[in-house]
Amino acid sequence: GAVVSQHPSRVICKSGTSVKIECRSLDFQATTMFWYRQFPKKSLMLMATSNEGSKATYEQGVEKDKFLINHASLTLSTLTVTSAHPEDSSFYICSAQKGDLNTEAFFGQGTRLTVV
Amino acid sequence: KQEVTQIPAALSVPEGENLVLNCSFTDSAIYNLQWFRQDPGKGLTSLLLIQSSQREQTSGRLNASLDKSSGRSTLYIAASQPGDSATYLCAVYNSGGSNYKLTFGKGTLLTVNP
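The rules we used
Residues numbered from 1 in each chain as written. Chains lettered and ligands numbered in written order. Predicted model: local features only at pLDDT ≥ 70, side-chain atom pairs only at ≥ 80, totals over all residues. Heavy atoms only, no water. Contact = heavy atoms within 4.5 Å. Buried area = accessible area lost by both parts, 1.4 Å probe. Salt bridge = Lys/Arg side-chain N within 4 Å of Asp/Glu carboxyl O. Polar contact = N/O pair within 3.5 Å; in protein donor to acceptor, adjacent residues only side chain to side chain. Pairing = 2+ DSSP bridges. Helix = DSSP H or I, 4+ residues; strand = E, 2+ residues; numbered from the N terminus. Axes fitted to C-alpha atoms, helices over the stretch in contact; angles between N-to-C directions. Disulfide = S-S within 2.5 Å. Buried < 20%, exposed > 50% of the residue type's maximum accessible area, 1.4 Å probe, protein only. 1 Å grid on protein atoms, 1.4 Å probe; cavity = no way out; pocket = protein on both sides within 12 Å on 5 of 7 lines; lining within 4 Å. Points joined across faces, edges and corners; volume = space filled by probe spheres on them. Nonpolar A, V, L, I, M, F, W, Y, C, P; charged D, E, K, R; others polar.

Peer 1: Looking at this model, I keep getting lost on the interface of chain A and chain B. Mind explaining?
Peer 2: A common way to report how large an interface is uses the accessible area buried once the components associate. The interface of chain A with chain B comprises 22 residues on the first partner and 21 residues on the second. Interface of chain A and chain B: buried area, both sides summed, is about 1700 Å²; carbon and sulfur atoms make up 53% of it. Seen at the junction of chain A and chain B, the total is one salt bridge. One salt bridge in this structure joins Glu-59 of chain A and Lys-101 of chain B, with 2.8 Å as the shortest N-O distance. Taken together, chain A and chain B are joined by eight residue pairs in polar contact (both at pLDDT 80 or more).

What follows is the structure, encoded as structure tokens:
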């Protein structure tokens, strides 16, 4: 398989502050990475598709100014939750694929965000 | 819009039993189907990937089948062990409007009792 590393695994922040989550493909290059949000007992919800060197594609209902995505290199994508509020508390997971978009997806360890 | 359903939502079995997890999807125009395992508070671990042209894939004690025309997949786990306890997620990959994406089911929470 391939390795996708996500950092941090847990973060607690105060309401109104911003939090950055990193997603790295350690042993392959990924032109496309994906960011998901997972609610308790719910499916993973795709938030956005991160494309290296271009703007991210956001899913309907996801605020792009709230969830800033940057994919500056072939091995790193970042998700910044801006002006975080308690309702942003959730489990965020990234994934990447090694080749074509319909190949196997590899996931990071996830980040538990708690906004207090 | 693609929808993925997993049945049962939860399953508890004694160690050593063989078991089947079910996944169904509404749009059969998929590129592939992937089964994942998720431990509490962790990310997803890929178990098996079945391309749309394939009928099944095997890895160790795991066997996944795909019937694309009927929109169904099953994950068979042989000789279950307590270490198999986790949530199992099914996801299908297809075109969702302007971009390709994985659509997930809610998962099946499996508990294997020693």
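Peer 1: It is not clear to me how the sheet that holds strand S7 (residues 62-67) of chain B should be interpreted in this structure. Could you clarify?
Peer 2: Hydrogen bonds between backbone groups are what pair the strands of a sheet, and the pairing can be parallel or antiparallel. Residues and elements named next belong to chain B. Taken in spatial order, the five strands make up an open sheet running S1-S3-S8-S7-S6, and their pairing is antiparallel. With one partner strand each, in any of the chains shown, strand S1 (4-7) and strand S6 (56-59) form the two edges of the open sheet. Between one strand axis and the next, the sheet turns by 15 degrees as a mean value, whatever way the strands run. As paired elements, strand S3 (residues 19-25) and strand S8 (residues 72-77) share six bridges and run antiparallel to each other. By the bridge assignment, Ser-24 is partnered in S8 with Arg-72.

Peer 1: Sorry, what's going on with the state of the cysteines here?
Peer 2: Any covalent bond linking the sulfur atoms of two cysteines counts as a disulfide. All names here are of chain A. The full count for this structure, using the stated rule, is two disulfides over all chains. The disulfide partner of Cys-23 is Cys-94, and the S-S distance across this bridge is 2.0 Å. Where Cys-23 bonds to Cys-94 through sulfur, the torsion about that S-S bond is close to 80 degrees, and the disulfide is right-handed. Of this pair, Cys-23 sits in strand S3 (residues 19-25) while Cys-94 sits in strand S9 (residues 90-97), and the two are 71 residues apart along the sequence. Judged by relative accessible area, Cys-23 falls into the buried class, the value being 0%. A residue is classified by how much of its surface remains accessible, and Cys-94, at 0% relative accessible area, is buried. Free of any disulfide, Cys-13 has its nearest cysteine sulfur in Cys-94, 18 Å distant. Overall, the relative accessible area of 8% leaves Cys-13 in the buried class.

Peer 1: How should the sheet that holds strand S7 (residues 67-73) of chain A be read in this particular structure?
Peer 2: Residue and element names in this part refer to chain A. Read from one edge of the open sheet, four strands run S1-S3-S8-S7, paired in antiparallel fashion. Since the sheet does not close on itself, it has two edges, and those belong to strand S1 (4-7) and S7, each with one partner. Within this sheet the neighbouring strands show an average axis-to-axis angle of 15 degrees, counted without direction. As judged from the six bridges shared by S3 and strand S8 (residues 76-81), these two strands associate in the antiparallel manner. Each residue of the ladder has a partner; that of Ile-21, found in S8, is Leu-79.

Peer 1: I keep staring at the layout of surface pockets and nothing clicks. Help me out?
Peer 2: Sizing a probe to match a water molecule and rolling it over the atoms shows the empty space that remains. Roughly 670 Å³ of volume is contained in the largest pocket. Along the wall of the largest pocket there are 24 residues; nearest its centre are Met-45, Leu-46 and Glu-59 of chain A together with Lys-1 and Lys-101 of chain B. Those elements that place two or more of their residues in the lining of the largest pocket are strand S5 (44-51) of chain A together with strand S9 (86-96) and strand S10 (99-104) of chain B. Of the residues that constitute the lining of the largest pocket, the class distribution is 10 nonpolar, eight polar and six charged.

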